[in-house]
Amino acid sequence: MTGATGFLGSHLMAELLRRGHAVLALGRSAGGSTLQERIARQLDWFGLQPASEQLQCVEADLLKPHLGLAPAAYRALCRPATFVHLASDTRFAAANRAASLATNVGSLAAVLDFARDCSAPFFHYVSTAYVFPAESALCREEPVALGEFANIYEESKARAELEVISRCRDLALPYSILRPSIVYGDCQTGRSNSFTALYHHVKALELIRDIYLNDLTNQGGAKSRLSGIERAPDGTLKLPLRIVLPRKGHLNLIPIDFFLAATLQILSAPRPDTIYHLTSRTPSTMEELASFCENFLGIEGIEICYGAEPGNWRPNPAEALFNKLIEPYRPYLSDTRSFDSANLDAVAPEIVAPTLSYPIFERCMRYAVEVNWGATHRNGSGFPVR
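Residues numbered from 1 in each chain as written. Predicted model: local features only at pLDDT ≥ 70, side-chain atom pairs only at ≥ 80, totals over all residues. Heavy atoms only, no water.

When helices and strands are tallied, the chain shows 13 helices and 13 strands. Principal axes of the C-alpha set define a box for the chain whose edges measure 70 × 45 × 40 Å. Considering the chain as a whole, with its 386 residues, one finds that 52% of them fall into the buried category. Considering only intrachain contacts with a sequence separation of at least 6, the fraction spanning at least 24 residues in the chain is 77%. When the accessible surface of the chain is totalled, it reaches about 17,100 Å², and 52% of it is carbon and sulfur. Positive and negative charge centroids in the chain, built from 37 and 40 side chains respectively, lie 4 Å apart. (Helix = DSSP H or I, 4+ residues; strand = E, 2+ residues; numbered from the N terminus. Buried < 20%, exposed > 50% of the residue type's maximum accessible area, 1.4 Å probe, protein only. Contact = heavy atoms within 4.5 Å. Areas by Shrake-Rupley, 256 points an atom, 1.4 Å probe, with all protein chains shown as cover. Lys, Arg positive; Asp, Glu negative; His and termini not counted. Charge placed at Lys NZ, Arg CZ, Asp CG, Glu CD.)

Time to look at the packing of aromatic side chains. One pass over the structure, following the stated rule, counts 15 aromatic pairs. Ring geometry for Phe-195 against Tyr-199: centres 5.2 Å apart, planes inclined by 85°, an arrangement best described as edge-to-face. A relative accessible area of 13% means that Phe-195 is categorised as buried. Residue classification places Tyr-199 among the buried positions, given a relative accessible area of 2%. Grouping aromatic residues by their ring pairs yields a cluster made of Phe-92, Tyr-130, Tyr-153, Tyr-329, Tyr-332 and Phe-339. Sitting over the ring of Trp-45, Arg-191 keeps its end group 3.9 Å from the ring centre. (Phe/Tyr/Trp six-rings, centres within 6.5 Å; stacked < 30°, edge-to-face > 60°. Lys NZ or Arg CZ within 6 Å of the ring centre and 35° of its normal.)

You can see Tyr-212 is positioned in helix H7 (residues 198-218). Residue class for Tyr-212 comes out buried when judged on its relative accessible area of 4%. In this structure, the C-alpha to C-alpha distance between Tyr-212 and Tyr-125, residues 87 residues apart in sequence, is 45 Å. Setting aside its immediate chain neighbours within four residues, Tyr-212 contacts Lys-223, Ser-224, Ile-229, Leu-237, Leu-239, Pro-317 and Ala-318.

Our focus in this paragraph is the sheet that holds strand S8 (residues 230-231). Pairing within the open sheet is mixed, and its 3 strands lie in the order S8-S9-S12. Strand pairing shows two members of the sheet lacking a second neighbour, S8 and strand S12 (299-306), which therefore form its edges. As paired strands, S8 and strand S9 (residues 237-245) are joined by 2 bridges and run antiparallel to one another. Across the sheet, Arg-231 pairs through a bridge with Leu-237, a residue of S9. Of the strands in this sheet, S8, S9 and S12 are in contact with H7, which crosses S9 at around 145°. (Pairing = 2+ DSSP bridges. Axes fitted to C-alpha atoms, helices over the stretch in contact; angles between N-to-C directions.)

With that settled, consider the nonpolar core. Core analysis: the biggest nonpolar cluster contains 96 residues, and Met-13, Tyr-184, Leu-239, Leu-278, Leu-344, Leu-356 and Phe-361 have the highest contact counts within it. At 8 residues, H7 tops the list of elements feeding residues into this core. Once residues within four sequence positions are removed from consideration, Leu-356 is found in contact with Tyr-184, Leu-198, Leu-253, Ser-284, Leu-289, Phe-292 and Phe-361. Listed in part, the 29 residues of the second largest apolar core include Leu-62, Ala-160, Ile-165 and Tyr-175. (Core = buried A, V, L, I, M, F, W, Y, C linked by side-chain atoms within 4.5 Å.)

Right, let's talk about the packing of H7 against helix H10 (residues 286-297) for a bit. Between H7 and H10, the least distance of the axes is 11 Å, while the angle of their chain directions is 45°. With respect to H10, the element H7 is oriented oblique. For H7 against H10, the interelement crossing comes out right-handed. Between H7, through Leu-198, Val-202, Leu-205, Glu-206 and Arg-209, and H10, the contact on the second element is made entirely by Leu-289, Cys-293, Phe-296 and Leu-297. Of the residues that constitute the contact of H7 with H10, the class distribution is 7 nonpolar, no polar and 2 charged. (Parallel < 35°, antiparallel > 145°, perpendicular 65-115°, else oblique. Left-handed = near helix turned anticlockwise from the far one by under 90°. Nonpolar A, V, L, I, M, F, W, Y, C, P; charged D, E, K, R; others polar.)

Further remarks concern the side chain of Lys-157. Its location among the elements puts Lys-157 in helix H6 (residues 152-171). Put simply, Lys-157 is tucked away with no salt bridge, and the nearest opposite charge, on Glu-161, sits 7.7 Å away. (Salt bridge = Lys/Arg side-chain N within 4 Å of Asp/Glu carboxyl O.)

Its location among the elements puts Leu-251 in the loop between S9 and strand S10 (253-255). Residues Leu-251 and Val-369 lie 118 residues apart in sequence; the distance between their C-alpha atoms is 22 Å. When sequence neighbours within four positions are dropped, the list of residues in contact with Leu-251 reads Ile-182, Pro-283, Ser-284, Leu-289, Tyr-332 and Leu-333.

Following this line, the structure appears as structure tokens:
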């Protein structure tokens, strides 16, 4: 597998190891740590110390032929094994276009050549549900057509899917494509080793809340009064904050435990040349999420507005800061794409993503706050998640 140091990949690796599978992880050094050290830290967070014969970590360059390995080392790795390719560049910014296309599309040549040389029985590619152009309505479990995308990440994953389909057909290599939507932590425990996407918005609101609580408590409150911000007798922070969106949409959110259950079922009984949507049947509205944030953070005053911004509207400082902090994710706040999941329903009818209720939201966010949004972990390892 690739991507074992990432959010999805680390969870899948840990569960495969728990179930007794042998895993060969391809990856690279980063931040002064070898791949083996990076994976060891991840597995420590999961409470795992697999035997050396169960887990092999191979430093590889996915952008080079033969993975950048010496011929003898490469040949030694070539034995039949199922492939799961999760490694990707998840950055959204257009400035990262070249790097994203290289990592998400360019790397496929070497990875698929390696699968061929290993006589792999199956190739599983983990993509994203958002490979469909932003104007799409119902997204089906079928190959995507290129169009206008919200960001380079979506575009690169769409291009990668087409490359996987084309090359796997040429190689007569059975494949599946898994398309998860937006993944958050474990809905039962709240645990997570990544705090982006949904967490990013809550952290932004927490930061804004704390700025004004500090102003009211320690600075005399002049800055707060200019924006109509005050503290109610019960301690709630009245924080007028309008979020202006072009249209009413929803966020399709799934917990990591659902992703794992669905993925493991697909891996256990793979269907050749099949695409799966790992998505929620009950996406969350912005109004629901705003209410959850207000309740969890002890604030009130978030207002969701739809349509064009009024010509005379000037965001207050809190609104301006929030807009700046969540800018990369803004298109998803008014996303209208919905997802057919007939293929997943056929192989795993009993595996259904839970609706994101307030108790689940609170459980996940409380854990995030306890570990300072990933800076420290409950098990005391103290390593920042990247």
